[in-house]
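# Structure at a glance
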Amino acid sequence: MVSGGLPEAPETKRRLKNLIDVTGLSDEMVMTGADPASVEDLLRVHPKTYLDTFKEMSDSGGGELGLRTPFGRGAFEIAALSAGLVSKAVEMVQTGQVRNAYALSRPPGHHCLPDYHNGFCLLANISIAIEVALAKGLGKKFAVLDWDVHHGNGTEAIYFDRDDVLTISIHQDRCYPHDTGATDAVGQGDGAGLNMNIPLPPGCGHKAYLDVMERLVIPKLKQFDADLVIIACGFDASGFDPLARMMCSPETYKLMTRQVMEITNGRMVAAHEGGYSELYVPFCGHAMLEEMSGSKIRAEDPLHARITGQQPDAYADAFHTDVVTRLHKELVEGGVL
């Protein structure tokens, strides 16, 4: 379900926050805000000309500078606040204030290039947070695991030739953008072998995603051994998202989170990215936060029977297993695994 207008709307985030309040889960977590990212910090990723043009258009009532990123008056300040939330989450984990953190931030950031708005993303939130953390000495190596259903092209581009940030993207093949996200984009120069793309065919569900995590993602995260894993967390691989064709459930997100936490001693940051089902994003997010917090509070998935009944059958599961095997071979040949 999507409200009228742009699919990237406040409602999914608002409903997730409402759900954790209603169940009482928010009472078991440290709930805090953040200051907007400063211009100094934004400049760590974005050139001054880009920021100046964005700010001028934002102050003048809004417009559109890139591809599929319309914005209104005040968008610059809102985007800076979103980036600030992710930076605050990283800082709180890296300074030991909390074990893990979830930034319920909007607008998202993983499609944004240093000098180009793209795909609802106005600033590169996670990249800004990483650069701030590096500048403050809060880590030397970071890993970004992007399980938004759309390729994390912005994050990939920013770190494609660097050896201090591992980028991994699990996405529906050629969903968005249509021309990025292939397995042969493995990084270059110092970053060779540190960009892992995992393009999956439409229709992959719970088993396929857990298989990808176990066979491809977790081994690479172990190999890189980052100081912090940051998840670019889109819930648009769910079975009810209008902008993709995957079949994940709240349980999928819970178990993928568990897989990451098992190798990081529970330490991780997640930054909210996509997810456009106003009905299902809240339950996917709640399940993930249950796992991150260790809470016993549960929000029963109202569509559990339906999503379970619609999972790929044995024939499709076998096909998806073969796909993951082929991806593994390509990534090994590309020097990623």
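This section reports on the structure supplied with the text. Small disclaimer: the values here were computed from a predicted structure and weren't measured.

## Things to note about the sheet that holds strand β7 (residues 228-233)
- Spatially, six strands are ordered β3-β8-β7-β4-β5-β6 in an open sheet, and the strand pairing comes out parallel. For this open sheet the edge positions go to β3 (100-103) and β6 (195-200), each flanked by a neighbour on one side alone. The average undirected angle you get between the axes of adjacent strands in this sheet is 10°.
- With five bridges connecting them, strand β4 (residues 142-146) and β7 associate as parallel partners. Bridging across to β7, Leu-145 finds its partner in Ile-231.
- Lying over the sheet, helix α5 (residues 125-135) contacts β4, β5 (165-172), β7 and β8 (268-272), oriented at roughly 170° with respect to β4.
- Across the sheet, helix α7 (residues 206-224) is in contact with β4, β5, β6 and β7; its angle to β5 comes to roughly 170°.

## A few points about the environment of Arg-99
- Structurally, the position occupied by Arg-99 is in the loop between α4 (75-94) and β3.
- Since its relative accessible area comes to 42%, Arg-99 is described here as partly exposed.
- Taking the C-alpha atoms as reference points, Arg-99 and Met-292, 193 residues apart in sequence, are found 8.9 Å from one another.
- What Arg-99 contacts, discounting residues up to four positions off in sequence, is Val-93, Met-261, Asn-265, Gly-266, Arg-267, Met-268 and Met-292.
- For Arg-99, the side chain forms a polar contact with the main-chain oxygen of Met-292, separated by 3.2 Å.

## As for the nonpolar core
- In terms of nonpolar packing, the biggest core is built from 58 residues, with Trp-147, Ile-170, Ile-198, Tyr-209 and Met-288 touching the most fellow members.
- Ranked by residues supplied to this core, first place goes to α7 with 10 residues.
- Residues within four places of Ile-198 in sequence aside, it is in contact with Ile-168, Ser-169, Ile-170, His-171, Val-212, Leu-216, Val-217 and Leu-327.
- In this structure, Phe-76, Val-86, Ala-89 and Ala-124 belong to the second largest nonpolar core, which totals 42 residues.

## Focus on helix α1 (residues 11-23)
- Look at α1: 18 Å from first C-alpha to last across 13 residues, which is about the 18 Å you get at 1.5 Å a residue.
- The set of residues buried in α1 consists of Thr-12, Lys-13, Leu-16, Leu-19 and Ile-20. Here the buried residues of α1 occupy an arc of 125° about the axis, which is enough to place them on one side.
- Each element contacted by the buried residues of α1 is listed here: β8 and α9 (281-293).
- Backbone geometry just after α1 places Gly-24 at a positive phi near 90°.

## Notes on the packing of α7 against helix α11 (residues 314-333)
- Where α7 contacts α11, the axes come no closer than 10 Å and their chain directions differ by 25°. Comparing the axis directions of α7 and α11 gives the class roughly parallel. Once α7 is placed against α11, the crossing between them reads as right-handed. Residues Lys-207, Ala-208, Asp-211, Val-212, Arg-215 and Leu-216 of α7 lie in contact with α11, whose contacting residues are Asp-317, His-320, Thr-321, Val-324, Thr-325, Leu-327, His-328 and Leu-331.
- For the contact of α7 with α11, the residue count by class is six nonpolar, four polar and four charged.

## As for the pairing of β8
- Most of β8 sits out of view: five of its five residues are buried.
- Side chains Met-268, Ala-270 and His-272 project from β8 onto one buried face, and the interleaved Val-269 and Ala-271 project onto a second face that is buried too.
- The sheet contact formed by β3 and β8 spans four bridges and is parallel. Counterpart to Tyr-102 in the pairing with β8 is Ala-270.
- In this sheet, β8 lies alongside β7 in parallel orientation, the contact comprising four bridges. Pairing of Ile-231 across the sheet is with Ala-270, part of β8.

## Some thoughts on the packing of aromatic side chains
- The tally for this structure, following the rule as stated, stands at six aromatic pairs.
- A ring pair is formed by Phe-235 and Tyr-253, whose centres lie 4.9 Å apart and whose planes are at 80°; its orientation type is edge-to-face. Remark: Tyr-253 occurs in helix α8 (residues 250-264) and Phe-235 occurs in the loop between β7 and α8; sequence separation between them is 18 residues. Each of the two residues, Phe-235 as well as Tyr-253, counts as buried.
- Among the aromatic side chains, those forming a connected cluster through ring pairs are Phe-54, Phe-71 and Phe-76.
- We note Lys-141 situated over the ring of Phe-224; from NZ or CZ to the ring centre the distance is 4.4 Å.

## So, the side chain of Thr-257
- By the element assignment, Thr-257 lies in helix α8.
- Note on Thr-257: relative accessible area 0%, which makes it buried.
- Of the polar contacts made by the side chain of Thr-257, one reaches the backbone oxygen of Tyr-253; its length is 2.7 Å.
- Dropping the residues within four chain positions of it, Thr-257 is found in contact with Trp-147, Met-268, Met-288, Glu-291 and Met-292.

## A few points about unusual backbone geometry
- With omega at 10°, the peptide bond leading from Arg-106 into Pro-107 counts as cis.
- Within the secondary structure, Pro-107 sits in the loop between β3 and α5.
- With omega at -15°, the peptide bond leading from Tyr-176 into Pro-177 counts as cis.
- A positive phi angle is found at Arg-174, which is not glycine, with a value near 55°.
- With respect to the helices and strands, the residue Arg-174 is situated in the loop between β5 and β6.

Calculation criteria
- Residues numbered from 1 in each chain as written.
- Predicted model: local features only at pLDDT ≥ 70, side-chain atom pairs only at ≥ 80, totals over all residues.
- Heavy atoms only, no water.
- Pairing = 2+ DSSP bridges.
- Helix = DSSP H or I, 4+ residues; strand = E, 2+ residues; numbered from the N terminus.
- Axes fitted to C-alpha atoms, helices over the stretch in contact; angles between N-to-C directions.
- Contact = heavy atoms within 4.5 Å.
- Buried < 20%, exposed > 50% of the residue type's maximum accessible area, 1.4 Å probe, protein only.
- Polar contact = N/O pair within 3.5 Å; in protein donor to acceptor, adjacent residues only side chain to side chain.
- Core = buried A, V, L, I, M, F, W, Y, C linked by side-chain atoms within 4.5 Å.
- Expected span 1.5 Å × (residues − 1).
- Arc of directions from axis to C-beta.
- Parallel < 35°, antiparallel > 145°, perpendicular 65-115°, else oblique.
- Left-handed = near helix turned anticlockwise from the far one by under 90°.
- Nonpolar A, V, L, I, M, F, W, Y, C, P; charged D, E, K, R; others polar.
- Phe/Tyr/Trp six-rings, centres within 6.5 Å; stacked < 30°, edge-to-face > 60°.
- Lys NZ or Arg CZ within 6 Å of the ring centre and 35° of its normal.

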